[in-house]
Amino acid sequence: MAEKTLLHIDHLKAGYATKAGFVRAVDDVSFSLRRGEFLGIAGESGCGKSTLAYAIMRLLRDNAAIESGRIVFDGTDIAGLDERAMNGYRWTKMAMVFQSAMNALNPVLSIEEQLVDAVLAHRDVSKKEARGTAAEMLELVDINADRLSSFPHQLSGGMRQRIMIAMALLLRPDLLIMDEPTTALDVVVQRSILQKIQELRTKLGFSVIFITHDLSLLVEISDSLAIMYAGKICEYGPSRELYAAPEHPYTKGLMSSFPTLTGPITRMGGIEGQAPGLINPPPGCRFTPRCSSAIPLCSKREPALVPTSAGRLCACRLCGGML
Amino acid sequence: MTTTILELRNVSKHFRLTGIRNIGKTVHAMDDINLTLRRGESLALVGESGSGKTTTASVIAGMYEKTSGDILLDGQPVRAFRNRAESLAYKKRVQMIFQDPFASLNPTHTIRAIMERPFLIHGLAASKTSLESKLSESLEQVGLSPAAEYLRRFPHELSGGQRQRVNIARTFAVDPEVILADEPTSMLDVSIRIGIMNMMLDLKEKKNVSYLYITHDLAGARYMSTRIAVMYAGMIMEIGPTEEVIANALHPYVKLLKASAPAPQEGERKDEVRAKGEIPSLVSPPSGCRFHTRCPYAKDVCSREVPAMRDVGNGHLVRCVLV
Amino acid sequence: MIKDFLRTLVQNRKSLTGLILLGTLIFVALAAPLLAPYPPKSDRIERTVLVEETMGDPEVISEEYPDKDVEKSVYSVTATKTWEKTVTYFPLRSRPAKEHLLGTNHAGNDLFSQLIMGTRISVFVGLATGLFVTLVSLTLALLAGYLGGVLDDIINFFTNVFLVIPGLPLMIVIGTYIPMHGVLPIILILAFTSWPYPTRVLRSQVLTLKNRDFIRASTMMGERTFFVIFREILPNMISIVMSEFFTVSLSAILAEATLEFIGVGNITVVSWGTILYWAQANGAILMGAWWWFLPPGLLIALTGTAFVLVNFGIDEISNPRLRKR
């Protein structure tokens, strides 16, 4: 009987070393993901969301590394596994879709070669079988099998992104991590990709961690939402509820940064200032300089992420986080 | 002083492709574009990539010579510049804000060096003291205060939002009448965008400039402008008062755009958007109505004739046979 | 910004090594007359020694008695000095010894002194060619790249023609025909055959920069073409220009040595190349006289290495990965 919790991140800290110091892009992040759940992680540039995604996939390289914490995937802590053991997880149990398909697909190999490559790297099957799996997957993303022999530059942006998704789902992983997969695409294509993901989820039943800066997008498609700011999760909860009644000042600020298509046109407030750098962050709550509800205590003590109601977490004095 | 500051009449722009493979091929970037911009008005030009909206701005800016049609600035026809004086005179009245805040400032110049140019080129500062005060005034006007602190810095020392403010300050330095804003916030963080948009709205009121606000974001267009024109594959498909066009979209493409845009307030999406096909290549655009290949309501006549713009009242025009 | 450049160059270990080497070579080149034990073309030491000096006894020349009480005599003294001049001719083709650290060549010239004085020529020719070619190719690249059109076509045409012609044979042919007075002809020949390479590289860079938004913004603001080229584009090319300068200088030093070695250059000038020429002409390799041909060869290689190392540092500057964001 499969456990209901697929992924549990426990006090994860990760970052990268620079000449100026260690940038802790993921600073004590914890959350859980159930099987089949769609978790949206929203945050702006520099909040650490991409580092988090790479950390979960154990893809951090060079000067980037996991500092401490656990990544419990299906009962096993994969944070400390070596490369060989990780190969047994990547692509078969967890897969990733990157932001720019043009950068992630090899420009000199045909689509077929890349897909078949991915299958053969993880499964001991014949080339024919691998090709069959590839064709099957392409169909699921509405791409004609005769496109197998095309090269990435011959396809449109939307198609390339769908191929990325097909490639990620080839081996039917349990978890799909998507790092800003639609940011570079036009709004109509974006909508079709999102619909396709929902379709595939219904069919194949995988969980999704969807990372983006566009909060308005996430509300429609995700089950739960986590808002990241300066390396930390500042709010978490079921997406509709969170959208209807945000608790953290940053979330409230974000909500007032999206012009609406319907309803009255009023001046929106946005958020003053800019996100802090993550080298030697100041003490206390990191949102203090930009927060309209800040009091002197906020810059001294860091609020903890505490439950505020069923399934909701918030890290702010206003939610009782400064106990 | 006429109320219409800028007018485009049947303007087309075709680029001839070079190279042996491309003999006889042209890119139909703009075809039969008609629009008017009144003083102090903000007109949004909405379209996805490949719609021709950036080319339209470039042609108005004088970067490219139009292939056919007329452009009138304040009632006077705009022709190719015969000498530097004509070029400068035009550039003092029509300016452009570029999309990429990182790429539009010369990385080897200080902000002071960058901001001085408009004043010096157009002879707007009589003396050194006058130049100094104008420099301070321009930066303070866009919220970069104290000006001295920003003047001495290099672009890489500023954040994306600050850089875009410098861009905007530079544009306003010559006191133009028309500003072509080419997706000024699309490369900025979400929480910064609204600040820039609000600032642009304030400056518009204060200086009585007109904006041609180019964007792919319908909601942003609604926030920033009172009139909207939607472009597809080089032609304007619908134009009219923003609220009217968005609330009662008549052209199938505009309906598609509206349905694809993120709308978290709507709750569950009622009708699924099924968009087949993709944005056509401008080298050989579809015959007749350029949207007919993707239009769910396409008729025979749509593939044969380009529909004319029909007036449905209240300044709302649509290029579709169904109307 | 210049501070940033220098800091990057110094922080990179490879380029720091290169800079130190280069600095040493330039120092040697400048201080050569002070460092060389003997004049490079001299084959002897002349020593004149004062052997004897005799002072004769005073002799009375005249006596006068102007007054009974005053005595006056006038004396004269004769002195003779004898010098002895010793001319020591340097041994010919000798091995390294105390007096001649690297031995002597066929004409008895001290090789160590020649090596040091040769540094002047080699380093100077290299850097001068580098500077000249860089300036010429930069100008051509800026004009061709930015202005485009017919001018671009013409410059491109000539660039491509020269790129196809093999450099060394061309250099030899030209060098054989023109009279060699001093090193200027060599510099001109080297420049004439190496200008196309940096021109092509720099032109590509100009083309890339031309389409950047800040250039479009500049033209949109009404900036004159001249200023756009020199105020907006040029500062963004400094690191690649420096890189080309070092590359051209390196190839100039090698080419100069090659020409001298073949005997096409001016063989009366003392440079590393000519030392090798004479070594070759006198069968130094057969003789096993490593002290004759090895040191100049090593120095040429060392100078080349110094330039390459500095180029590593320059790569770091031009690579945007390291730019502060």
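Everything below is about the structure printed above this text.
Residues numbered from 1 in each chain as written. Chains lettered and ligands numbered in written order. Predicted model: local features only at pLDDT ≥ 70, side-chain atom pairs only at ≥ 80, totals over all residues.

1. Remarks on the overall build of chain B
Put simply, the rule is: The helix and strand labels rest on DSSP assignments: H or I over at least four residues marks a helix, E over at least two residues marks a strand, and numbering proceeds from the N terminus. Taken over C-alpha atoms, the radius of gyration is set against a globule rule of 2.2 Å times the number of residues to the power 0.38. Backbone-placed C-beta atoms define the burial measure: a residue is buried with 20 or more other C-beta atoms within 10 Å of its own, exposed with 12 or fewer, and partly exposed in between. For the purpose of contact definition, each residue receives a C-beta atom placed from its backbone, and two residues are in contact when these atoms lie within 7 Å.
Looking only at helices and strands, chain B has 11 helices and 12 strands in total. Taking 20 Å as the expected radius of gyration for a compact globule of 323 residues, we find that chain B reaches 21 Å, a close match to that expectation. The principal-axis extent of the C-alpha atoms belonging to chain B is close to 70 × 50 × 45 Å. Expressed as a percentage of the 323 residues in chain B, the buried residues total 48%. Across chain B, every contact between residues at least 6 apart in sequence was considered, and the portion connecting residues at least 24 apart equals 66%.

2. Some thoughts on the nonpolar core
Just so we agree on the cut-off: Here, a nonpolar core denotes buried Ala, Val, Leu, Ile, Met, Phe, Trp, Tyr and Cys residues that are linked to one another through C-beta atoms within 7 Å.
Leu176(A), Ile177(A), Leu212(B), Tyr213(B) and Val230(B) are the most contacted members of the largest nonpolar core, which has 255 residues in total. The element that contributes the greatest number of residues to this core is helix α3 (residues 111-147) of chain C, accounting for 13 residues. What Ile177(A) contacts, discounting residues up to four positions off in sequence, is Ala53(A), Ile56(A), Met57(A), Met94(A), Met96(A) and Ile209(A).

3. A few points about the packing of helix α6 (residues 184-194) of chain C against helix α10 (residues 238-262) of chain C
Residue and element names in this part refer to chain C. Applied cut-off: To get an axis, a line is fitted to the C-alpha atoms, and for a helix only the part in contact is used. The angle between two axes follows their N-to-C directions and goes from 0 to 180 degrees. An angle counts as roughly parallel when it lies under 35 degrees, as roughly antiparallel when it exceeds 145, as roughly perpendicular when it falls between 65 and 115, and as oblique in every other case. For a crossing to be left-handed, the near helix must be turned anticlockwise from the far one by less than a right angle; the clockwise case is right-handed.
Taken N-terminus to C-terminus, the directions of α6 and α10 make an angle of 125°; their axes are 10 Å apart at the nearest point. In terms of axis orientation, α6 runs oblique to α10. Note on packing geometry: the crossing formed by α6 with α10 is right-handed. Only Val248, Ser251, Ala252, Ala255, Glu256 and Leu259 of α10 make contact with α6, whose side of the interface consists of Ile186, Leu190 and Ser194.

4. Observations concerning the arrangement of the chains
The interface with the highest contact count, out of two pairs of chains in contact, is the one between chains A and B. Taking C-alpha atoms only, the smallest gap left between chain A and chain C, which are not in contact, amounts to 11 Å.

5. Observations regarding the sheet that holds strand β1 (residues 5-18) of chain A
All names here are of chain A. Test applied: Note on pairing: two strands pair once DSSP finds at least 2 bridges between them.
Reading across the sheet, the four strands line up as β2-β1-β4-β5 and stay open at both edges, with antiparallel pairing between neighbours. Looking along the sheet, the strands with just one partner apiece sit at the ends: β2 (21-34) and β5 (76-77). Where strand β4 (residues 64-73) meets β5, two bridges bridge the pair, whose relative direction is antiparallel. Bridge pairing in β5 links Phe73 to Thr76.

6. Observations regarding the interface of chain C and chain B
When the parts come together, some accessible area is lost, and that loss is often what is quoted as the size of the interface. Counting residues at the interface gives 16 residues for chain C and 19 residues for chain B. It is helix α8 (residues 213-221) of chain C that provides the largest number of residues to the side of chain C that touches chain B, a total of six residues.

7. Observations regarding the interface of chain A and chain B
Defined as follows: Residue polarity is assigned by list, with Asp, Glu, Lys and Arg as charged and Ala, Val, Leu, Ile, Met, Phe, Trp, Tyr, Cys and Pro as nonpolar; anything else, Gly included, falls into the polar class.
Across the boundary between the two partners, chain A contributes 33 residues, which contact 33 residues of chain B. Taken together, the elements giving at least two residues each to the side of chain A that touches chain B come down to α7 (187-204), α8 (215-221) and α10 (249-255) of chain A. At six residues, α7(A) tops the list of elements feeding residues into the side of chain A that touches chain B. Considered class by class, the residues forming the side of chain A that touches chain B number 12 nonpolar, 15 polar and six charged.

8. Here's the deal with the packing of α8(C) against helix α9 (residues 225-233) of chain C
Residues and elements named next belong to chain C. Between α8 and α9, whose axes approach to 11 Å, the crossing angle comes to 145°. Considering only the axes of α8 and α9, their crossing is right-handed. Residues Phe214, Ile215, Ser218 and Thr219 of α8 form the contact with α9, whose own contacting residues are Val228, Glu232 and Ile233.

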